[in-house]
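Fold and contact review
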Amino acid sequence: MATLRQDRWWLQPVITVSILTSFVIYATWAAFQGVNYFVGNLGVHELISPFYSPCVSTACVDGSNSVGFALNVGSLSPALIILIFPLGFRMTCYYYRRSYYRAFWWSPPACAVADSHASYSGETRFPLLMQNAHRYFFYFGLAFNALLTYDAIRSYHVVGGGWGVSVGSLVLTLNATLLWLYSLSCHACRHICGGQLRSFSSHPIRYKLWKIVTPLNAKHMNFAWASLFVVALTDVYVRLVASGTIRDLVFF
């Protein structure tokens, strides 16, 4: 690439490609498994992988469906029904766009480094035109956050009666918390709260909301990466417990 930079400017794009590719490979593998995504044995905490929640397939294991309805999709993995929504939210996210545009398409790969493309038409043509659906994916993301929050609360329940705290319940709680922070720090959220207003004084409630999410917006990148790591970690933990590889450590 044409540049006068002498530092390792290529290192960040390489790291980004490695992390995102690894996540996509793991998430794809996990989504097609269709097993070991729910823990609901007698006397243990109820845990469900975020990749499989809400489990709305008739193929879902007993106890994993908490929404009251199911879709008859045959043997299709339950994760494949719902992953399009959180995946769509992340892929159209302003921060992730910048990251994978630079890392995968080298457009541009770094500051003061030439763009690998001779021309740029913006996000006005297919498939990049789909990026404009980000706000709608944001709304779906809020609904999924609410469901994952319910899963986190449910994880403190012990099957057969009683409540307590385990490593699994803390992991699910951390996952839900980071996903809320990632969503609320989103640029679309900030725009919904305070965008297109001529006068904040005429909209005091929206102004207060804008004041709350603006500091979060400054940390959007941090929440984006942290939530990505933790959502994968949560699936790994639930999968290990469900398969009997490890036991969910109970504090009380």
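Our structure is the block above this text.
The structure displayed is predicted, hence computed values, not measured ones.

All right, on to the overall build of the chain then. Of regular secondary structure, the chain possesses nine helices and two strands. In sequence order, the chain lays out its α and β elements as α-β-β-α-α-α-α-α-α-α-α. For the chain, the C-alpha atoms occupy an extent of roughly 65 × 50 × 40 Å along the three principal directions. The burial tally for the chain puts 42% of its 252 residues in the buried class. Partitioning the contacts of the chain with sequence separation of at least 6, the portion at a separation of at least 24 is 71%.

Every buried residue of helix α3 (residues 84-91) is accounted for by Gly88, Phe89 and Arg90. In this structure, the buried residues of α3 make contact with α4 (94-105), α5 (134-154), α6 (167-184) and α9 (220-242).

Time to look at the packing of α6 against α9. Between α6 and α9, the shortest axis-to-axis distance is 8 Å and the interhelical angle comes to 150 degrees. The orientation of α6 with respect to α9, classified from their angle, is roughly antiparallel. Relative to α9, the crossing made by α6 is left-handed. In this structure, α6 contributes Val167, Gly168, Val171, Leu172, Leu174, Asn175, Leu178, Leu179, Leu181 and Tyr182 to the contact, and α9 contributes His220, Phe223, Ala224, Ala226, Ser227, Val230, Val231, Thr234, Tyr237 and Val238. By residue class, the composition of the contact of α6 with α9 is 15 nonpolar, five polar and no charged.

The next thing to look at is the state of the cysteines. Throughout the structure, instances matching the rule amount to one disulfide. Across the disulfide, Cys55 is cross-linked to Cys60 (sulfur-sulfur distance 2.0 Å). Measuring handedness by torsion sign, the sulfur bridge of Cys55 and Cys60 sits at about -105 degrees and is left-handed. Each member of the pair, Cys55 together with Cys60, is buried. Between Cys93, a cysteine without a disulfide, and Cys186, which holds the nearest cysteine sulfur, the sulfur-to-sulfur distance is 5.8 Å. As a non-bridged cysteine, Cys111 has Cys93 as the owner of its nearest cysteine sulfur, 18 Å distant.

How two aromatic rings sit relative to each other is set out by the distance from centre to centre and by the angle between their planes. Going through the model one piece at a time under the given rule, you end up with 20 aromatic pairs. Look at Phe23 and Phe51: their rings are 6.4 Å apart centre to centre, the planes differ by 80 degrees, and that puts the pair in the edge-to-face class. With Phe23 in helix α1 (residues 11-33) and Phe51 in the loop between β2 (47-48) and α2 (79-82), this pair connects stretches of sequence that are 28 residues apart. Accessibility assignment for this pair places Phe23 and Phe51 in one class, buried. Aromatic pair Tyr96 and Tyr182: ring centres 6.2 Å apart, planes at 75 degrees, arrangement edge-to-face. Note that Tyr96 is positioned in helix α4 and Tyr182 in helix α6, a separation of 86 residues in sequence.

Let us now look at the nonpolar core. Judged by nonpolar contacts, the single largest core of 38 residues is most densely connected at Phe23, Phe51, Tyr96 and Tyr182. When residues of this core are traced back to their parent elements, those giving at least two are α1, α4, α5, α7 (187-194), α8 (204-217) and α9. The element that contributes the greatest number of residues to this core is α9, accounting for six residues. Those residues in contact with Phe51 that sit more than four places away from it in its chain are Phe23, Tyr26, Ala27, Ala30, Ala79, Ile82, Leu83, Val231, Ala232 and Asp235. Core analysis: the second largest hydrophobic core is formed by eight residues, Val39, Leu47, Leu172 and Val238 among them.

About the thresholds
Residues numbered from 1 in each chain as written. Predicted model: local features only at pLDDT ≥ 70, side-chain atom pairs only at ≥ 80, totals over all residues. Heavy atoms only, no water. Helix = DSSP H or I, 4+ residues; strand = E, 2+ residues; numbered from the N terminus. Buried < 20%, exposed > 50% of the residue type's maximum accessible area, 1.4 Å probe, protein only. Contact = heavy atoms within 4.5 Å. Axes fitted to C-alpha atoms, helices over the stretch in contact; angles between N-to-C directions. Parallel < 35°, antiparallel > 145°, perpendicular 65-115°, else oblique. Left-handed = near helix turned anticlockwise from the far one by under 90°. Nonpolar A, V, L, I, M, F, W, Y, C, P; charged D, E, K, R; others polar. Disulfide = S-S within 2.5 Å. Phe/Tyr/Trp six-rings, centres within 6.5 Å; stacked < 30°, edge-to-face > 60°. Core = buried A, V, L, I, M, F, W, Y, C linked by side-chain atoms within 4.5 Å.

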